[in-house]
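Take a look at the letters that make up each chain.
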Amino acid sequence: MGGPLTVGMDDATLVYDDDCGFCTWWADLIAAHSAMDLVGFSALSAELRDRLPEAYEECAHVVTDDAVYSCGEAIEVATLRSEYGDEVEPLVDFLRNFEEYGRLREQAYRWAADNRDKLGLVVSKTPPARKSDQE
């Protein structure tokens, strides 16, 4: 890939809802296949929180030294930064040629976010924010 989204860079952090089983499963999957750090909403530092949008709890974010990507774009960036990035990048580059791509990407993200309770019935992991509740 070679650009600002290169695998192996460790300046990116995926910020996610660590009180959501589906979100935790997905974040752990990205972490297992990339060099990204994970930080749940419940573990945000003041410095990292200050870089996020005001309504940060509405979606996931990827924070780099130079930018903050939110919602569907964050998932896209996280996927591109993963070990699957080289395989996915040609498709993303192609889709970016279409004016509607960004809107459709965000609609797909919103659908998944709004249905994460149902998606969590298929794939889920105990969220870090709930682990102490079960101990």
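In the block above lies the structure referred to throughout.
An account of the accompanying structure is given in this report. (Residues numbered from 1 in each chain as written. Predicted model: local features only at pLDDT ≥ 70, side-chain atom pairs only at ≥ 80, totals over all residues. Heavy atoms only, no water.)

Another point: the overall build of the protein chain. Across its full length, the protein chain holds 7 helices and 4 strands. Residues classed as buried in the protein chain amount to 38% of the 135 residues present. In the structure as shown, the protein chain presents an accessible area of about 7900 Å², 51% of it carried by carbon and sulfur atoms. (Helix = DSSP H or I, 4+ residues; strand = E, 2+ residues; numbered from the N terminus. Buried < 20%, exposed > 50% of the residue type's maximum accessible area, 1.4 Å probe, protein only. Areas by Shrake-Rupley, 256 points an atom, 1.4 Å probe, with all protein chains shown as cover.)

Strands pair in a sheet through their backbones, by hydrogen bonds, and they do so in one of two ways: parallel or antiparallel. Spatial ordering of the open sheet is given by S2-S1-S3-S4, a layout of 4 strands whose pairing is mixed. The open sheet is flanked by strand S2 (37-40) and strand S4 (68-70), the only strands paired with a single partner. With direction set aside, neighbouring strand axes in the sheet form an average angle of 20 degrees. The pairing of strand S1 (residues 13-16) with S2 spans 4 bridges and is classified as parallel. In the sheet register, valine 15 faces S2, and the bridge partner there is valine 39. Each of S1 and S2 is contacted by helix H1 (residues 21-32), which is oriented at about 175 degrees to S1, the strand it contacts most. Across the sheet, helix H3 (residues 72-81) lies against strand S3 (61-63) and S4, angled at about 115 degrees from S4, the strand it touches most. (Pairing = 2+ DSSP bridges. Axes fitted to C-alpha atoms, helices over the stretch in contact; angles between N-to-C directions. Contact = heavy atoms within 4.5 Å.)

As a further point, take the nonpolar core. Counting 21 residues, the largest nonpolar core has Leu14, Ile30, Met36, Val62, Tyr69, Ala78 and Tyr109 as the members making the most contacts within it. Secondary structure elements with two or more residues in this core: S1, H1, H3 and helix H5 (101-114). It is H1 that provides the largest number of residues to this core, a total of 5 residues. Discounting residues that sit within four places of it in the chain, tyrosine 69 has contacts with Ala60, His61, Val62, Thr64, Ala74 and Val77. (Core = buried A, V, L, I, M, F, W, Y, C linked by side-chain atoms within 4.5 Å.)

Positive phi, close to 60 degrees, is recorded for cysteine 71, a residue that is not glycine. On the secondary structure map, cysteine 71 appears in the loop between S4 and H3. For cysteine 71, a relative accessible area of 17% puts it in the buried group.

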